[in-house]
Number of protein chains: 2
Amino acid sequence: MTALNELTATEMVAAVRSGRTTCEAITRACLDRVAARERDVQAWQYVNPDQAIADAKARDRSDRKGALIGVPFSVKDIIDTADMPTEYGSPIYAGHRPRADASCVALSRKAGGVLLGKSVTTEFANVHPARTRNPLDLTRTPGGSSSGSAAAVADRMVALSIGSQTSGSTVRPAGFCGVFGYRPTYGDLRCVGIKEAAGSFDTLGLIARSIEDIALYRDALLDIEPVPVAKGVQPPRIGFCRTHLWPLLEPSTQALFEEAAARLARAGAKVTDLTLPPEFDGIPEAHKLISGFEFSRNFAWEIEHHWEKISTTLRNGRIKDGLGCGFERYLEARDLAERCRARIGAVMEPFDVLLTACSTGEAPVGFNTTGVTTLALIWTSIYVPAISVPAFKGPAGMPVGAYIVGKRNRDRDLFAFAEWIYRKLA
Amino acid sequence: MTALNELTATEMVAAVRSGRTTCEAITRACLDRVAARERDVQAWQYVNPDQAIADAKARDRSDRKGALIGVPFSVKDIIDTADMPTEYGSPIYAGHRPRADASCVALSRKAGGVLLGKSVTTEFANVHPARTRNPLDLTRTPGGSSSGSAAAVADRMVALSIGSQTSGSTVRPAGFCGVFGYRPTYGDLRCVGIKEAAGSFDTLGLIARSIEDIALYRDALLDIEPVPVAKGVQPPRIGFCRTHLWPLLEPSTQALFEEAAARLARAGAKVTDLTLPPEFDGIPEAHKLISGFEFSRNFAWEIEHHWEKISTTLRNGRIKDGLGCGFERYLEARDLAERCRARIGAVMEPFDVLLTACSTGEAPVGFNTTGVTTLALIWTSIYVPAISVPAFKGPAGMPVGAYIVGKRNRDRDLFAFAEWIYRKLA
């Protein structure tokens, strides 16, 4: 029998509703896993076992109707919690205790989820690496910035975690840790109570061990009745989109994708190469200017009052980029991103989904980097939904994600097609 | 000689730089005005005279180069301050003290501004009226939701104030109080550290006693070198846009606008009637659905934990609207708004600016309402910049604003043309 902490969220909900187990038992199983593994993995900024057990017991006394009833979850520590510290990955906010839960936390709890604690984030969800290790190989990075979220889900400490994504901060760590990472259509899941990095790009990011779970969690966060992922879809029309960044990929990763495209075609999908219009090649640079400009204004208080507590990585990276970017250049970059957003509908029209990469390969060995952030930028910038599925194994036996990109506002279709693709590849 | 508190921000900066006065003297003059008038006007949620004087003295010891050096300002109490309470107009947040300044506060202070305190806001920047009175007639509402911001600037208590706008929350109170209210191109001025109402529409709103001051403040908040408003522009091509909401206007207000259009034409402007495409008529309803959907998710924590402390106005208004709006209807409404955003460029192409109304007339007598919120919704929803200028007097001698709407990303042009229009009408 599968240990309770290894169940997916959907399985946990079914087990609780049927009376086969209790919220308390599931929560204890997850907390036991945390206790056994945290010294190695270091996924947690804060855990409160007593409170989690008390919350789980309260769930057991409820009508058990919540969409996430009894599901242990964590949230990245850039997400406010009224009853737990929230430090944004920065010593500037040591011991900070917000007044209110972020809306995504309140909605998760309203749906019956049990918050175990706060997942480690890189500093302000940026690129300065945090201490978390990849649970599949402790010598490797889990990726970032949602480092602890991906590690905790991958290591069966929680079934669900909320991260965030400004560049590739959810989907890259999900890929490195062998789980699913979802970046929703921009704007759907609100970011109230989350430390903004660059609002033109920030979204929540959901991490789970199945697409079914991601769909369930999305509906809970929209505060609507859950709709299961459609089964038995037709084989999709897939645009295989290498992008101009393909040379960044390791050759072994390129080979995985080429082989996958062929395998999907053999399985009945219509797979066609897609070359984006040249204008899209400018998006990574535009993203750098836009996110830098916004970040360097958004963090005016921290820059003015706590400069010495900001990492040199961040000072010399996004802040320097942003303070050096004039407003006219910012507007030009924003124009480019908007033009591409306006064009992507027509570009994707012949396809159901796109297949591309969101990492150069397996998680790098060591902790000096969270990996190459560039590959997800095009998709993040044009507001389409996307999901990283753990489709491949690299040369070292570590997972490599395939990035399935959907159409804007068609997140449910994305889930169904990504499920089809995942089943053919995994 | 003009009293120091009556100077515009631009005049204050010049007076400080030239050594004709000090930051301290200006701050004391403003604080004296607050002391003399606050009992009647009730514009302030919190004032800290000692701290303001200490800040002003520190500014006097500085190099005095800041763009806003020595300018007393206030911010709406939905804007976080690390050294002052921030209560969002709600008893739920009584005594709340945020950890950090909102980015707009930090940038204002970085530029040398002196924060006197927090301006009264309606509950969560919504429509439930606050206690503030119109300083021009204490029996009338100042409008809302940026009630205290407009009243404080109009009453010469501060030169500048930051409000916010989700519907018409900056421009309507500015019009009712006879000052200038500016709603920037959506996205330019970041809302970090501001209690989000509906992120798809929320922007800062700047209130001042001259267009020059608004341009100055905008540049300070963008953290760029100030660029003066262009002088001597050609008479603009004006689209006179009554919209389908024109019947909401009082007949006397309609007459003011008709006469103004004729006067501007006589002054050399090319004034042409503009009828928006019929699709735009759906925007007010779309705004209601989008803002309601988002608001009711954004406030999940308050709704779950403090329902009894939320006004019935808000419970039965935006929250009820939002909880009753399904996700599909939300997406349809968002689609409509996006289609109109995509079309407005072509619609406005023959014009430099549009002339329209942002209130039905003068500020209503009494305090049961902050006025009709509908008129600014079209412009707020399509992300164009706009400025309310105190161009008219109504039948009771109270001010009525003319709403000048600019092109997206062309805020500087808007300032220059609005200045031209204001000088011809005022």
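Residues numbered from 1 in each chain as written. Chains lettered and ligands numbered in written order. Predicted model: local features only at pLDDT ≥ 70, side-chain atom pairs only at ≥ 80, totals over all residues.

Comments concerning the domain arrangement of chain A
All names here are of chain A.
Part 1 of the argument: Annotation of chain A at the domain level lists domain 1 (7-222) and domain 2 (281-331).
Part 2 of the argument: Here the C-alpha centroids of domain 1 and domain 2 sit 27 Å apart.
Part 3 of the argument: Of the residues assigned to the side of domain 1 that touches domain 2, the class counts are seven nonpolar, seven polar and two charged. (Domains from an automatic or database assignment. Nonpolar A, V, L, I, M, F, W, Y, C, P; charged D, E, K, R; others polar.)

Focus: the interface of chain A and chain B
Part 1 of the argument: Contacts between chain A and chain B engage 29 residues on the former and 29 residues on the latter.
Part 2 of the argument: For the side of chain A that touches chain B, the secondary-structure elements that each account for two or more residues are α4 (103-110), α9 (283-298), α10 (300-305) and α12 (327-348) of chain A.
Part 3 of the argument: Of all the elements, α4 of chain A adds the most residues to the side of chain A that touches chain B, at four residues.
Part 4 of the argument: Of the residues that constitute the side of chain A that touches chain B, the class distribution is 12 nonpolar, eight polar and nine charged. (Contact = placed C-beta atoms within 7 Å. Helix = DSSP H or I, 4+ residues; strand = E, 2+ residues; numbered from the N terminus.)

Quick word on the relation of the copies chain A and chain B
In this structure, two copies of a chain are linked by a rotation about an axis accompanied by a shift along it.
Part 1 of the argument: Superposing chain A onto chain B takes a rotation of 180° combined with a translation of 0.0 Å along the rotation axis, leaving an RMSD of 0.0 Å. Read as a symmetry element, the transformation amounts to a two-fold axis. Looking at the rotation axis and the C-alpha trace of chain A, the residue lying nearest is Pro 98 of chain A, at 3.8 Å.
Part 2 of the argument: Interface overlap between copies: 100% of the residues of chain A at the interface are likewise at the interface in chain B, consistent with a symmetric, same-surface contact. (Least-squares fit on C-alpha atoms with pLDDT ≥ 70 in both.)

Overview of helix α12 (residues 327-348) of chain B
All names here are of chain B.
Part 1 of the argument: Spanning 22 residues, α12 covers 31 Å between terminal C-alpha atoms, matching the ideal 32 Å at 1.5 Å per step.
Part 2 of the argument: At Ala 342, α12 shows its maximal bend, which comes to roughly 30°.
Part 3 of the argument: For α12, the full list of buried residues reads Tyr 330, Ala 333, Arg 334, Leu 336, Ala 337, Cys 340, Ile 344 and Met 348.
Part 4 of the argument: In this structure, the buried residues of α12 make contact with β7 (237-240), α9 (283-298), β9 (353-357) and α13 (377-381). (Expected span 1.5 Å × (residues − 1). Bend = angle between axes of the 7 residues up to and from the residue. Buried ≥ 20, exposed ≤ 12 C-beta atoms within 10 Å, placed from the backbone.)

So, the packing of α9 of chain A against α12 of chain A
Residues and elements named next belong to chain A.
Part 1 of the argument: One can describe the packing of α9 onto α12 by two numbers: an axis separation of 9 Å at closest approach and a directional angle of 130°. By the angle class used here, α9 and α12 are oblique. As α9 runs across α12, the sense of the crossing is left-handed. Of α12, the residues touching α9 (which contributes Ile 283, Ala 286, Leu 289, Ile 290 and Phe 293) are Arg 329, Tyr 330, Ala 333, Arg 334, Leu 336, Ala 337 and Cys 340.
Part 2 of the argument: A breakdown of the residues in the contact of α9 with α12 according to their chemical character gives 10 nonpolar, no polar and two charged. (Axes fitted to C-alpha atoms, helices over the stretch in contact; angles between N-to-C directions. Parallel < 35°, antiparallel > 145°, perpendicular 65-115°, else oblique. Left-handed = near helix turned anticlockwise from the far one by under 90°.)

Describing the nonpolar core
Part 1 of the argument: The biggest cluster of nonpolar side chains holds 290 residues, and the ones touching the most others in it are Ala 208 and Ile 404 of chain A together with Ala 208 and Ile 404 of chain B.
Part 2 of the argument: Looking at which domains feed residues into this core, each of domain 1 (7-222) and domain 2 (281-331) of chain A gives three or more.
Part 3 of the argument: Not counting residues within four places of it along the chain, the set of residues in contact with Ala 208 of chain A comprises Ala 9, Val 153, Ala 159, Leu 160, Val 179, Phe 180, Asp 213, Ile 214 and Tyr 217 of chain A. (Core = buried A, V, L, I, M, F, W, Y, C linked by C-beta atoms within 7 Å.)

Side note on the sheet that holds strand β2 (residues 72-76) of chain B
All names here are of chain B.
Part 1 of the argument: Within the open sheet, the 11 strands sit side by side as β1-β3-β2-β4-β6-β5-β10-β11-β9-β7-β8. Their pairing is mixed. Both edges of this open sheet fall to β1 (44-47) and β8 (270-273), since each of them pairs with a single strand only. If you compare each strand with its neighbour and ignore which way they point, the axes differ by 30° on average.
Part 2 of the argument: The pairing of β7 with β9 spans three bridges and is parallel. Paired with Gly 239 across the two strands is Leu 354, which belongs to β9. (Pairing = 2+ DSSP bridges.)

Remarks on unusual backbone geometry
Part 1 of the argument: A cis amide bond, omega 5°, links Gly 144 of chain A with the succeeding residue Ser 145 of chain A.
Part 2 of the argument: The phi torsion at Arg 156 of chain B lies on the positive side, around 65°, for a residue other than glycine.
Part 3 of the argument: Structurally, the position occupied by Arg 156 of chain B is in the loop between α5 (147-154) and β4 (160-165).
Part 4 of the argument: In this structure Arg 156 of chain B comes out as buried when scored by C-beta crowding, with 20 C-beta atoms within 10 Å.
Part 5 of the argument: Here the phi dihedral of Asn 409 of chain B falls at roughly 70°; this positive angle occurs in a residue that is not glycine.
Part 6 of the argument: Its place among the elements puts Asn 409 of chain B in the loop between β11 (399-405) and α14 (411-425).

Remarks on helix α7 (residues 211-222) of chain A
Residue and element names in this part refer to chain A.
Part 1 of the argument: Relative to the 16 Å expected for 12 residues at 1.5 Å per residue, α7 spans 17 Å between its end C-alpha atoms, a close match to the ideal helical length.
Part 2 of the argument: Extensive coverage of α7 is indicated by the burial of 10 of its 12 residues.
Part 3 of the argument: Within α7, burial applies to Ile 211, Asp 213, Ile 214, Ala 215, Leu 216, Tyr 217, Arg 218, Ala 220, Leu 221 and Leu 222.

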